[in-house]
Amino acid sequence: MRERTLHTLRGTLVLPSRLKADFWPWTGGAGQTQYAAPVAIMEIVYVYVKKRSEFGRQCNFSDRVAEVNVDIHPDAVQAMNFIEKDPIDTAVQCASDMSEHQVNTERFEMETRGINHVEGGWPKDVNPQEMEQTIRFRKKVEKDENYINVITQLGSLMDHCIKQNNAINIYEEYFEEEEAAGVTDEPPSAKTINVFRDPNLVKRTATHLSWYPDRSRKLAVAYSNLEFQRSSKDMCYDSYIWDLETPNKPEMIIRPSSPLICLEYNPKDSHILIGGCYNGQIAYWDTRKGSLPAELTVVELGHRDPVYNVIWLQSKTGTDCFSGSTDGQVLWWDIRKLSEPVETLVMDISRKGILENALGAIALEYEPTMPTKFMVGTEQGVVISCNRKAKTAAEKIVCTYSGHHGPIYSLSRNPFYPKNFLTVGDWTARIWSEESKESSIMWTKYHMSYLTDGCWSTTRPAVFFTTKMDGTLDVWDFLFKQNNPTLNLKVCDDPLFSLRLQDNGRFIGCGSKLGTVTLLEVSSGLCTLQRNEKNLASAMFERETKREKILEARHREMRLKERTKTEGKEEEVKEETEEEKPEEVLARVKKEFFEVIENELRRRERGRAKSVVGQDQEFDEESDDIILPKEEEEE
C-alpha cells in the first residue's frame, strides 16, 4: 500500500494512500505540493520517529576468524613447588545431590472492625433520646388506620412462621445417649490451640481471665505484677482483649490508671467490662467508647488494698457488682454511680465489725440461683459464708469453714450441686458441703508445688481443674480416680497463676507468671456428660457428707467427755479445798510427806533383798515372807 508522508518539526505524519482521493492539494512554504483532508472523513495515523542523532553509534557485526589475544606460558620455577600425590583416593557418591532451603513468609496480620448500629427510622423532628417525644409519636402512629392494616397483614404471616417453627425442631438430637456412651473409650488428653504472649518488654503476670459472653470468641486478660515493691518503672499498665483467631496482636487495649488484677465481662452486655486495680479502685469500660475507663471510683471511698476479685450480680439493670480486697472489706457497686459504694461489709468473723480484725478477701463466689448468698475466701485460709439480705451486719456473716494452711486463691460452687463447693489453697484442693462445717468432705493429696487456681467443669459434675506453681495443669475426675489426677499436663516452664474454663467445657485458658496465656482444648471425654454421671456424683457427695457428719458427732462426744471429766476433777478439788480446815490440810500434807519417805526406805530395802532372793521376788528379813512389788501391793 502506498503512503504519503507529511514531515513536521517533531516527526513524520504517515497518511494512508486510500485517503489520497479525498485530499485537496495545497502548496507549502517549501514549494512542495501537500494535501489536506476534510475533518469529517479523514483517518490520521501518527508515527513518532526518533531523531538520528539520538540513536548513538551504529553497531556493525561481521564474521571473522578467531584470534588469540593473550597466551600465558607455565612458569618452570613454580612447577618445582608442586608435590605429586600417589596414591589418590577419590570418593564417589551415587546419590543425587540435594539442597535444603528455608523460606520465611511474611506474617499475615488481620484486623477486625465493627460498626455500631444506633436506633433509626425516626422523623427529623423526633429526637430518639427523648422518651416523651418517642411515646407521643408511637401513639400517633398507632391511631393511623394504615398502621393497623399493615400489622394485621404481617401478623398472619408471622403466625404462620411461628406455627411452622413449633411443628418440628430441626436441631433435635435423636441419638445423644449413644454418642455419649461411645466417648468413654477415648483416653483423656488435651492439646494446645493457641498462645497469647504479653507484647511488652517487661513481662507481667496474667492474673485474671474472662471469656467473651457471646460464643466465647474473645478473651480478656488482666496483667499486673503481684510481687510487692518489685515492679519496674518501665512496666506497662495496659491489659488486653484477645481474639482467638489472631494471637499475634491484641484486638483491643484496656488502659487503666493502675495495673489491673481482675477483669470481668458483663454477662448481660458484652461491651461492658469491670476491673479491679492494684491501688484499690474499681473501673468499668465500654468497648464502644474506647480504651480509657468510662468511669472510675474515688480512691478515698474505695478499697485500701489491691482488689483481687470483682463479680457481676444478678439484677434487672445488669449494672450491679461487688468486689473484695485484702483490706477486709466487701463493697457493692452500681456502675451508673461509682462515686460511692452502695453497701459495705467488714469480714470480721467475731461479728463486731472492726476493720482491724477483718480477714483479707481474695476469692469471691456468687451463684445467680442463690442471689442473696455469697462466699468469701480469705488470705487466712478461712471461707466465710454470708447472706446479704440479713437485717444486721453481724447476721450477714452466717458461718465459716476452716481447713487450709494458707490463702484461698479459688472458690467456686459445683454448677450441678451448688451445696458443694471447691476451694484451692496451700498444697491441696478441697471439696466442701454446706452441711459439714468442721471439715471438708473430700480433698486431694498434698502436692510438692503450691496450688494457684482451680475451677469446676461446666459440663461434668465430677470433673474439676487445678493449676500449680510448677507450670502443670491437673484434671481431676473423682468418679474415675481419687488419689491422683486423671490428666497431668505440663503447660509451660513458668508458674501458672490463673485459670478459666469456657462455657462449653472444651477450651481452657491458663495464664502464667510471664504473661503467657495458653489456650488448651480437652478431649471430648472430659467435656461430655457421661451416662449416669449425675446420679453417681450426687451419691458420692451424700455419702461423704454423711461420713463427715458421723465423724463430727464422734469428735463432739469425745470433746464433751473430756470437758466433763476435767470439770468434774476441778469440782472435786474445789470441794475438798473448801471443806478442809487449815489444821487438817497441814496434817494431811505431813502424813503424805512421811509416807513418801517410808516408801523410799522400803524401796531401798527391797533392792538389797533382790540380790539374795532374785530378780522377780523380794524377801522380808523380819517376817521371812515374800513381798510383792509396789504396784501389785497397792492393787
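Definitions and limits used
Residues numbered from 1 in each chain as written. Predicted model: local features only at pLDDT ≥ 70, side-chain atom pairs only at ≥ 80, totals over all residues. Heavy atoms only, no water. Helix = DSSP H or I, 4+ residues; strand = E, 2+ residues; numbered from the N terminus. Buried < 20%, exposed > 50% of the residue type's maximum accessible area, 1.4 Å probe, protein only. Contact = heavy atoms within 4.5 Å. Areas by Shrake-Rupley, 256 points an atom, 1.4 Å probe, with all protein chains shown as cover. Pairing = 2+ DSSP bridges. Axes fitted to C-alpha atoms, helices over the stretch in contact; angles between N-to-C directions. Phe/Tyr/Trp six-rings, centres within 6.5 Å; stacked < 30°, edge-to-face > 60°. Disulfide = S-S within 2.5 Å. Salt bridge = Lys/Arg side-chain N within 4 Å of Asp/Glu carboxyl O. Polar contact = N/O pair within 3.5 Å; in protein donor to acceptor, adjacent residues only side chain to side chain. 1 Å grid on protein atoms, 1.4 Å probe; cavity = no way out; pocket = protein on both sides within 12 Å on 5 of 7 lines; lining within 4 Å. Points joined across faces, edges and corners; volume = space filled by probe spheres on them. Nonpolar A, V, L, I, M, F, W, Y, C, P; charged D, E, K, R; others polar. Core = buried A, V, L, I, M, F, W, Y, C linked by side-chain atoms within 4.5 Å. pLDDT = per-residue confidence, 0-100.

Notes on the overall build of the chain
Part 1 of the argument: When you go through the chain residue by residue, the secondary structure sums to 9 helices and 35 strands.
Part 2 of the argument: Burial statistics for the chain: of 635 residues in total, 37% are counted as buried.
Part 3 of the argument: Nonlocal contacts in the chain, meaning residues at least 24 apart in sequence, comprise 48% of its contacts between residues at least 6 apart.
Part 4 of the argument: Accessible surface for the chain amounts to roughly 43,100 Å². Of this, 52% is attributable to carbon and sulfur atoms.

Focus on unusual backbone geometry
Part 1 of the argument: If you check the backbone angles, Arg351 has positive phi at about 65° while not being a glycine.
Part 2 of the argument: One can find Arg351 in the loop between strand 18 (343–346) and strand 19 (361–366).

Focus on the sheet that holds strand 27 (residues 451–456)
Strand pairing in a sheet relies on backbone hydrogen bonds, with the paired strands running either antiparallel or parallel.
Part 1 of the argument: In spatial order, the strands read 27-28-29-30; together these 4 strands make up an open sheet with antiparallel pairing. One side of each edge strand has no neighbouring strand; the edge strands of this open sheet are strand 27 and strand 30 (487–490). Ignoring strand direction, the axes of neighbouring strands in this sheet form an average angle of 15°.
Part 2 of the argument: Sheet analysis places strand 28 (residues 463–468) next to strand 29 (residues 472–477), joined by 5 bridges and oriented antiparallel.

Regarding the packing of aromatic side chains
Part 1 of the argument: For the structure on display, the rule yields 20 aromatic pairs.
Part 2 of the argument: With 5.9 Å between their ring centres and 70° between their planes, Tyr401 and Trp432 make a pair best called edge-to-face. Pair noted here: Tyr401 is in strand 22 (residues 397–402) and Trp432 is in strand 25 (residues 428–433), with a separation of 31 residues, a long-range link.
Part 3 of the argument: Judged by relative accessible area, Tyr401 falls into the buried class, the value being 2%.
Part 4 of the argument: Between Tyr409 and Tyr450, the aromatic rings sit 6.2 Å apart at their centres with planes inclined by 75°, giving edge-to-face as the arrangement. Placement of Tyr409 in strand 23 (residues 408–413) and of Tyr450 in the loop between strand 26 (442–443) and strand 27 is noted, with a sequence separation of 41 residues between them.
Part 5 of the argument: Members of the aromatic cluster, joined through ring pairs, are Tyr417, Trp456, Phe464, Trp476, Phe478 and Phe541.

As for the state of the cysteines
Part 1 of the argument: Applying the stated criterion to the full structure yields 0 disulfides.
Part 2 of the argument: Free cysteine: Cys399, not disulfide-bonded; nearest cysteine sulfur from Cys386 at 8.7 Å.
Part 3 of the argument: With a relative accessible area of 11%, Cys399 lands in the buried category.
Part 4 of the argument: No disulfide involves Cys492; its sulfur sits 8.2 Å from that of Cys510, the nearest cysteine.

A word on the pattern of salt bridges
Part 1 of the argument: Under the definition given, this model contains 28 salt bridges.
Part 2 of the argument: Between Glu434 and Arg413 there is a salt bridge, with the nearest N and O atoms lying 2.7 Å from each other. Note that Glu434 is positioned in the loop between strand 25 and strand 26 and Arg413 in strand 23, a separation of 21 residues in sequence. The exposure classification of Glu434 matches that of Arg413, with both residues buried.
Part 3 of the argument: Glu521 is the partner of Arg506 in a salt bridge, and the nearest nitrogen-oxygen pair spans 3.4 Å. Pair noted here: Arg506 is in the loop between strand 31 (496–501) and strand 32 (507–512) and Glu521 is in strand 33 (residues 517–522), with a separation of 15 residues, a long-range link.
Part 4 of the argument: With a relative accessible area of 25%, Arg506 lands in the partly exposed category.

Some remarks on the sheet that holds strand 23
Part 1 of the argument: Spatial strand order, 23-24-25-26: 4 strands in an open sheet with antiparallel pairing. Strand pairing shows two members of the sheet lacking a second neighbour, strand 23 and strand 26, which therefore form its edges.
Part 2 of the argument: Two elements, strand 25 and strand 26, share 2 bridges in a ladder whose sense is antiparallel. Counted as the bridge partner of Ile431 is Met442 from strand 26.

Topic: the side chain of Ser239
Part 1 of the argument: Mapping Ser239 onto the fold places it in strand 9 (residues 239–243).
Part 2 of the argument: One polar contact links the side chain of Ser239 to the main-chain amide nitrogen of Tyr223, over a distance of 3.2 Å.
Part 3 of the argument: Leave out the neighbours within four places in its chain, and Ser239 touches Val221, Ala222, Tyr223, Met252, Ile253, Ile254 and Leu260.

Some thoughts on the side chain of Thr486
Part 1 of the argument: Turning to its location among the elements, Thr486 is positioned in the loop between strand 29 and strand 30.
Part 2 of the argument: Each residue touching Thr486, except ones within four places of it in the same chain, is listed here: Pro188, Val475, Trp476, Asp477 and Phe480.

Here's the deal with the layout of surface pockets
Part 1 of the argument: As a volume, the second largest pocket reaches approximately 620 Å³.
Part 2 of the argument: As for the second largest pocket, its lining consists of 22 residues, of which Thr112, Arg113, Gly114, Lys218 and Glu251 are closest to the centre.
Part 3 of the argument: Looking at the lining of the second largest pocket, its residues break down into 7 nonpolar, 7 polar and 8 charged.

A word on the pairing of strand 30
Part 1 of the argument: Only one face of strand 30 is buried: it carries Leu487 and Leu489, and the other face, with Asn488 and Lys490, is open.
Part 2 of the argument: In this sheet, strand 30 lies alongside strand 29 in antiparallel orientation, the contact comprising 4 bridges. Looking at strand 30, one finds that Val475 is bridged to Leu487.

Here's the deal with the nonpolar core
Part 1 of the argument: In terms of nonpolar packing, the biggest core is built from 18 residues, with Phe465, Leu473, Leu499, Ile508 and Cys510 touching the most fellow members.
Part 2 of the argument: Secondary-structure elements contributing two or more residues to this core are strand 28, strand 29, strand 30, strand 31, strand 32, strand 33 and helix 6 (524–527).
Part 3 of the argument: Here the element with the most residues in this core is strand 31; it accounts for 3 residues.
Part 4 of the argument: With near-sequence residues (within four places) excluded, Ile508 lies in contact with Phe465, Leu473, Leu499, Arg500, Leu501, Thr518, Leu519, Leu520 and Val522.
Part 5 of the argument: In terms of nonpolar packing, the next biggest core, distinct from the first, is built from 17 residues, Leu359, Ala361, Val376 and Ile397 among them.

Focus on the confidence of the model for the chain
Part 1 of the argument: Of the residues in the chain, 86% reach a pLDDT of 70 or more, and the chain-wide mean stands at 82.
Part 2 of the argument: The model gives residues 179–183 a pLDDT under 50, and that stretch makes 9 contacts with residues more than four places away or in other chains.
Part 3 of the argument: Within the model, the stretch residues 615–635 combines pLDDT values under 50 with 21 contacts to residues more than four positions away or in other chains.

Some points on the environment of Asn127
Part 1 of the argument: Note on placement: Asn127 falls in the loop between helix 1 (76–79) and helix 2 (131–142).
Part 2 of the argument: Among residues more than four places away in sequence, those in contact with Asn127 are Gln133 and Thr134.

Here we look at the environment of Gln314
Part 1 of the argument: For Gln314, the position within the fold is in the loop between strand 15 (307–312) and strand 16 (320–325).
Part 2 of the argument: C-alpha separation for the pair Gln314 and Thr372, spaced 58 residues apart in sequence, amounts to 9.8 Å.
Part 3 of the argument: Other than its neighbours up to four places away in sequence, Gln314 contacts Tyr366 and Pro368.

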